[in-house]
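Residues per chain are reported as follows:
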Amino acid sequence: MGCQCSGFDKHSEARIDLIEPFSEIIRSQINEYQVLLYSKSFCEQSRLAKQLLRKSSIQFEYFELDNMNDDGQAQSALQTFTGKKATPYVFICGKFYGGLNELQKGLESGEFKKGIKSS
């Protein structure tokens with residue numbers, strides 16, 4: 001059935017016109033921060049992603065999607081932008097990097113830190 005953090009919305013077609021302003025906000029945010037994480041405060045994968053970044057001494061910014069007063073529009077925009085339904089959403093140097101699994105692999109291989117340094 002999937003993680004409850006996915007924010008699955010069976011009525012997404014009715015919200016497409018509302019997503020565009022949030023897409024612009026998200027584009028602005030991902031270009032503003034070198035490492036950016038969109039998460040949910042109750043999501044275990046989001047908590048683990050933040051913990052991994054802290055343990056790796058990587059400075060990052062994050063936004064808790066469940067604390068935004070936007071009726072889920074930011075997450076809908078992220079889903080459209082990334083093609084991924086579940087949190088966390090990890091961005092590095094203005095580009096979508098992936099979720100928890102990609103972050104773990106990138107930190108283990110050193111690829112994630114190289115991506116930060118190359119910008």
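For the structure given in this document, a descriptive report is provided here. Model, not experiment: these values are computed from the prediction.

If you tally the helices and strands in the protein chain, you get 5 helices and 4 strands. When its helices and strands are written in sequence order, the protein chain yields α-β-α-β-α-β-β-α-α. Residues counted as buried form 43% of the 119 residues belonging to the protein chain. Long-range pairs, those at least 24 residues apart, make up 63% of the contacts in the protein chain between residues at least 6 apart in sequence. Here the protein chain has roughly 7100 Å² of accessible surface; of this, 50% comes from carbon and sulfur atoms.

This next bit is on the packing of aromatic side chains. Tallied over the entire structure, the rule returns 7 aromatic pairs. Consider the rings of Y97 and F112, whose centres lie 4.9 Å apart with planes at 90°: the pair is edge-to-face. In this pair, Y97 sits in strand 4 (residues 95-98) while F112 sits in helix 5 (residues 111-117), placing the two residues 15 residues apart along the sequence. Take Y97: its relative accessible area is 18%, and that puts it in the buried class. Following the ring pairs from residue to residue traces out a cluster consisting of Y33, Y38, F63, F81, F91 and F96. For K84, the ring lying beneath its charged end belongs to Y89, and the centroid distance is 5.2 Å.

Definitions and cut-offs
- Residues numbered from 1 in each chain as written.
- Predicted model: local features only at pLDDT ≥ 70, side-chain atom pairs only at ≥ 80, totals over all residues.
- Heavy atoms only, no water.
- Helix = DSSP H or I, 4+ residues; strand = E, 2+ residues; numbered from the N terminus.
- Buried < 20%, exposed > 50% of the residue type's maximum accessible area, 1.4 Å probe, protein only.
- Contact = heavy atoms within 4.5 Å.
- Areas by Shrake-Rupley, 256 points an atom, 1.4 Å probe, with all protein chains shown as cover.
- Phe/Tyr/Trp six-rings, centres within 6.5 Å; stacked < 30°, edge-to-face > 60°.
- Lys NZ or Arg CZ within 6 Å of the ring centre and 35° of its normal.

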